[in-house]
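Structure assessment
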Amino acid sequence: MENAQKQPNKSSPAKKQLIIIFFLTTVLFAGIAIKAGRDYHWWLPETEIVSVLTPEDLKTKIDINESPWYELLLLPKVGEAKAKAIVAYREKYGRFESLDELSRIDGIGKKIIALLKDCAIAGTGSAHVSDNHE
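Every value quoted in this text rests on a predicted model; they were computed, and no experiment measured them.

The number of helices and strands found in the chain is four helices and two strands. Helices and strands in the chain line up, N terminus first, as α-β-α-α-α-β. Across the 134 residues in the chain, those meeting the buried criterion constitute 21%. Of the contacts made within the chain by residues no fewer than 6 positions apart, 57% connect residues no fewer than 24 positions apart.

Right, here's the structure in full:
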């Protein structure tokens, strides 16, 4: 009966090391696969880089015909008084046809209008994307 008793299963140290190496290798490859999947973005559609647009094309310009006075404060050299004067003039006389018409408002001269050319328009809508690449 003594021989019938089960002997404890003793693994050799080399077998334990192989099991640990296998486990660590599996974890390493799983980590590499996860990292590659996150970095590669294979699930996203391919996009095309548009080379005809420049940062200047994407600049947002403030429309002096549509913007309230507090948005006009974002313009250079336009404070609260000038912004409210622009809105009052617009309400009294109608829409501006061009930025040059701002010279009719006290305190706005040619120098300020020259500064506004890059960041303001006298058109429709509050955003403008120039279409000068045709």
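Now that the structure has been shown, we can carry on.
Below, the discussion takes up the nonpolar core. Counting residues in each nonpolar core, the largest one holds 19 residues, and the members touching the most others are Ile-64, Leu-72, Leu-75, Phe-96 and Leu-102. At the level of elements, helix H3 (80-93) and helix H4 (110-116) are the ones that each hand at least two residues to this core. Here this core gets four residues from one element, more than from any other, and that element is H3. Contacts of Leu-102, omitting those with residues within four sequence positions, involve Ile-64, Ile-86, Phe-96, Ile-108, Ile-113 and Leu-116.

Attention now goes to the packing of aromatic side chains. Enumeration according to the criterion identifies three aromatic pairs in this entry. Relative to Tyr-93, the ring of Tyr-89 has its centre 4.6 Å away and its plane inclined at 40°; by these criteria the two rings are tilted. On the criterion of helical spacing, the pair formed by Tyr-89 and Tyr-93 is a turn pair, its members being four residues apart in helix H3. An aromatic cluster is defined as three or more aromatic residues linked by ring pairs; in this entry it consists of Tyr-89, Tyr-93 and Phe-96.

Before going further, it helps to examine unusual backbone geometry. Phi at Lys-77 is positive, roughly 65°, even though this residue is not glycine. Under the relative-accessibility criterion, Lys-77 is labelled exposed at 59%.

Position of Ile-105 relative to the elements: it lies in the loop between H3 and H4. Looking at Ile-105, the relative accessible area reads 6%, which means it is buried. Separated by 16 residues in the primary sequence, Ile-105 and Tyr-89 place their C-alpha atoms 7.5 Å from one another. When residues no more than four places from it in sequence are discounted, the contact partners of Ile-105 are Ala-85, Ile-86, Tyr-89 and Phe-96.

What follows deals with the side chain of Asn-65. Positionally, Asn-65 belongs in the loop between strand S1 (62-63) and helix H2 (69-72). Ignoring any residue separated from it by four or fewer positions in sequence, one finds Asn-65 in contact with Arg-90, Arg-95, Phe-96, Ala-122 and Gly-123.

About the cut-offs
- Residues numbered from 1 in each chain as written.
- Predicted model: local features only at pLDDT ≥ 70, side-chain atom pairs only at ≥ 80, totals over all residues.
- Heavy atoms only, no water.
- Helix = DSSP H or I, 4+ residues; strand = E, 2+ residues; numbered from the N terminus.
- Buried < 20%, exposed > 50% of the residue type's maximum accessible area, 1.4 Å probe, protein only.
- Contact = heavy atoms within 4.5 Å.
- Core = buried A, V, L, I, M, F, W, Y, C linked by side-chain atoms within 4.5 Å.
- Phe/Tyr/Trp six-rings, centres within 6.5 Å; stacked < 30°, edge-to-face > 60°.

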